[in-house]
Amino acid sequence: TKEKCYRKEFITVFGSPVDENPTVVIMDAAFKALGLDWIYNAFEVYPQDLETAVQSIKALHMKGANCTIPHKVAVMKYLDHISDAASIIGAVNTVYLKDGETYGENSDGKGFTKALEEDQIPITGKNYVLLGAGGAAKAIAVELALAGAGRITVVNRSRGRGEELVELLLSKTPVKADFVLWDHSYELPADTDVLINSTSIGLYPDTSSPDLVYDSLRPQMVVCDVIPNPPQTPFLTEAQNRGCHTLNGCAMLVNQGAINIKLWTGLDAPRDIMKAALLKEFQ
Ligand code: NDP
């Protein structure tokens, strides 16, 4: 007779606040579809307890963890290994355990480039306009740059963060990059290939849109939003009204989750099922 295992594999997200983090929805859907009796649950972790929380991954033989606000940067000092991209970005959102050691990865930006790939949107040599310079913007910009993007124009409200991101791209990646201070309604350069909102503008319950000259959008431009909730932001609707192909924040979130599942289970994630579960949740 087959030996029974009553122990379930466990994966967590460390954050604070973390109660409203929807990642469990896509993970549950994925585990079910893959036939894995695994558990994903959020843990409220305060900054002063992060080290103990990370040690628990090893102590409890967990497969891994996600890190979210405010732990993405602080977690790095407690890990055994950090991927090249995550060290350039300076933040880790995913931890996995391999041969008893912890590895840090950042799948936020990779989730974004994977979502572009999924829609057959080429990256090499293309011109990007990136609204925002926070954590999400940084991860996206670094992955686009490492994937061969031609030029990234960072448009940000505060000069310090914007210039810092451009400096990082120029010093650590081969991409061309420039900064525009966002103190006016921004008009897109006509040679823009892809426009990305990576600010938190439009995140539920906010219904506003980035301050742009929307008539500078051309139908051949691809327009992306990182906001997963609501999936259809007023920003994306503006772009669609001008004939642009759009990509919403759910695509990025699901692809990021799919990359994590591969790291934790070694299996290819059921992305369509995960996407459907997330859209249902945000209905
Ligand atoms: P940060 O706080 O690190 O950065 C926020 C950015 O938005 C900054 O550049 C900030 O500018 C800018 N910003 C905020 N409000 C305004 C405004 N009213 N006008 C102009 N600029 C503004 O946040 P994150 O980068 O971590 O997250 C940003 C968004 O990305 C969140 O809504 C989050 O939900 C989403 N996200 C989505 C993911 C996905 O998988 N779909 C993954 C990760 C994040 P300034 O520097 O001037 O303050």
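Located above this text is the structure these notes cover.
A quick note: this is a predicted structure, and the numbers were derived from the prediction, not measured. (Residues numbered from 1 in each chain as written. Predicted model: local features only at pLDDT ≥ 70, side-chain atom pairs only at ≥ 80, totals over all residues. Heavy atoms only, no water.)

Enquirer: Just give me the short version of the overall build of the protein, but keep the residues and values in it.
Expert: The secondary structure content of the protein amounts to 9 helices and 12 strands. Taking 19 Å as the expected radius of gyration for a compact globule of 283 residues, we find that the protein reaches 19 Å, a close match to that expectation. Out of the 283 residues belonging to the protein, those deemed buried represent 51%. Working note: accessible area of the protein is about 13500 Å², and carbon and sulfur atoms make up 51% of it. Between the centroid of the 26 positive side chains of the protein and the centroid of its 35 negative side chains there is a distance of 4 Å. (Helix = DSSP H or I, 4+ residues; strand = E, 2+ residues; numbered from the N terminus. Rg over C-alpha atoms; globule rule 2.2 N^0.38 Å. Buried < 20%, exposed > 50% of the residue type's maximum accessible area, 1.4 Å probe, protein only. Areas by Shrake-Rupley, 256 points an atom, 1.4 Å probe, with all protein chains shown as cover. Lys, Arg positive; Asp, Glu negative; His and termini not counted. Charge placed at Lys NZ, Arg CZ, Asp CG, Glu CD.)

Enquirer: Describe in detail the packing of aromatic side chains, supporting the description with residues and values.
Expert: A complete count under the given rule lists 5 aromatic pairs for this structure. When the centroid spacing of 5.5 Å and the interplanar angle of 50° are considered together, the rings of phenylalanine 31 and tryptophan 38 count as tilted. Side by side, phenylalanine 31 and tryptophan 38 carry an identical accessibility label, which is buried. When the ring of tyrosine 214 is compared with that of phenylalanine 235, the centres are 6.5 Å apart and the planes differ by 65°; the resulting orientation is edge-to-face. Residue tyrosine 214 is located in the loop between strand 10 (194–197) and strand 11 (222–225), and its partner phenylalanine 235 is located in helix 7 (residues 234–241); the two are separated by 21 residues in the primary sequence. Just as tyrosine 214 is buried, phenylalanine 235 falls in that class too. Sitting above the plane of the tyrosine 103 ring, lysine 98 keeps its charged end 5.1 Å from the centroid. (Phe/Tyr/Trp six-rings, centres within 6.5 Å; stacked < 30°, edge-to-face > 60°. Lys NZ or Arg CZ within 6 Å of the ring centre and 35° of its normal.)

Enquirer: Could you give an account of the pattern of salt bridges, with specific residues and numbers?
Expert: Tallied over the full model, the rule gives 14 salt bridges. A salt bridge links glutamate 117 to lysine 114; the shortest N-O distance between them is 3.7 Å. Taken together, the residues span about one helical turn, with glutamate 117 and lysine 114 both in helix 4 (residues 108–118) at a distance of 3 residues. Classification of lysine 114 as partly exposed rests on a relative accessible area of 33%. Notably, a salt bridge pairs aspartate 191 with arginine 151, separated by 3.1 Å at the nearest N-O pair. Within this pair, whereas aspartate 191 is found in the loop between strand 9 (176–181) and strand 10, its partner arginine 151 is found in strand 8 (residues 151–156), the two being separated by 40 residues in sequence. Through salt bridges with shared partners, one network takes in Glu105, Lys110 and Glu143. (Salt bridge = Lys/Arg side-chain N within 4 Å of Asp/Glu carboxyl O.)

Enquirer: Please give an account of unusual backbone geometry that cites residues and values.
Expert: The residue after serine 16, namely proline 17, is reached through a cis peptide bond having omega 0°. With respect to the helices and strands, proline 17 occurs in the loop between strand 1 (10–15) and helix 1 (23–34). The linkage connecting asparagine 229 with the following residue, proline 230, adopts the cis geometry, with an omega of 5°. Backbone geometry places aspartate 99, a non-glycine residue, at a positive phi of 50°. Structurally, the position occupied by aspartate 99 is in the loop between strand 5 (94–98) and strand 6 (101–105). Exposure remark for aspartate 99: the relative accessible area of 73% places this residue in the exposed category. The backbone of glutamine 120 sits at a positive phi, close to 55°, despite the residue not being glycine.

Enquirer: Tell me about the sheet that holds strand 10, and name the residues and values.
Expert: The parallel open sheet is built from 6 strands, whose spatial order is 9-8-7-10-11-12. Of all the strands in the sheet, just strand 9 and strand 12 (245–247) have a single pairing partner and so form its edges. On average, adjacent strands in this sheet sit at an angle of 20° to one another, irrespective of strand direction. Direction of pairing for strand 8 relative to strand 9: parallel, over a ladder of 6 bridges. By the bridge assignment for strand 9, valine 154 is matched with phenylalanine 179. (Pairing = 2+ DSSP bridges. Axes fitted to C-alpha atoms, helices over the stretch in contact; angles between N-to-C directions.)

Enquirer: Can you lay out the site of the ligand for me, pointing to particular residues and giving the numbers?
Expert: Every one of the 21 residues lining the ligand counts as a neighbour, but Ala133, Ala136, Asn156, Arg157 and Val226 are closest to it. Within the backbone of alanine 133, an N or O atom sits 2.9 Å from an oxygen atom of the ligand. Between the ligand and arginine 161, the relevant distance is 3.0 Å, taken from an oxygen atom to a side-chain nitrogen or oxygen of the residue. Out of a free accessible area of 920 Å², the ligand has 75% covered by protein chains. Those elements giving two or more residues to the shell around the ligand turn out to be helix 5 (135–146) and helix 8 (249–265). A total of 3 residues in the shell around the ligand trace back to one element, the largest contributor, which is helix 8. (Near = heavy atom within 4 Å. Polar contact = N/O pair within 3.5 Å; in protein donor to acceptor, adjacent residues only side chain to side chain.)

Enquirer: Account for the side chain of asparagine 93, naming residues and giving values.
Expert: Relative to the helices and strands, asparagine 93 is located in the loop between helix 3 (84–89) and strand 5. Setting aside residues up to four positions removed in sequence, asparagine 93 forms contacts with Ala65, Asn66, Cys67, Lys72, Glu105, Asn106, Ser107, Asp108 and Gln256. (Contact = heavy atoms within 4.5 Å.)

Enquirer: Could you give me a rundown of the pairing of strand 5, with the residues and numbers involved?
Expert: Looking down a regular strand, the side chains alternate between one sheet face and the other. Bridge analysis of strand 3 (residues 64–67) against strand 5 gives 3 bridges, and the strand direction is antiparallel. When the sheet's bridge partners are listed, glycine 64 is paired in strand 5 with tyrosine 96. Relative to strand 6, strand 5 is paired through 5 bridges, and the arrangement is antiparallel. Opposite tyrosine 96, over in strand 6, you have tyrosine 103 as the bridge partner.

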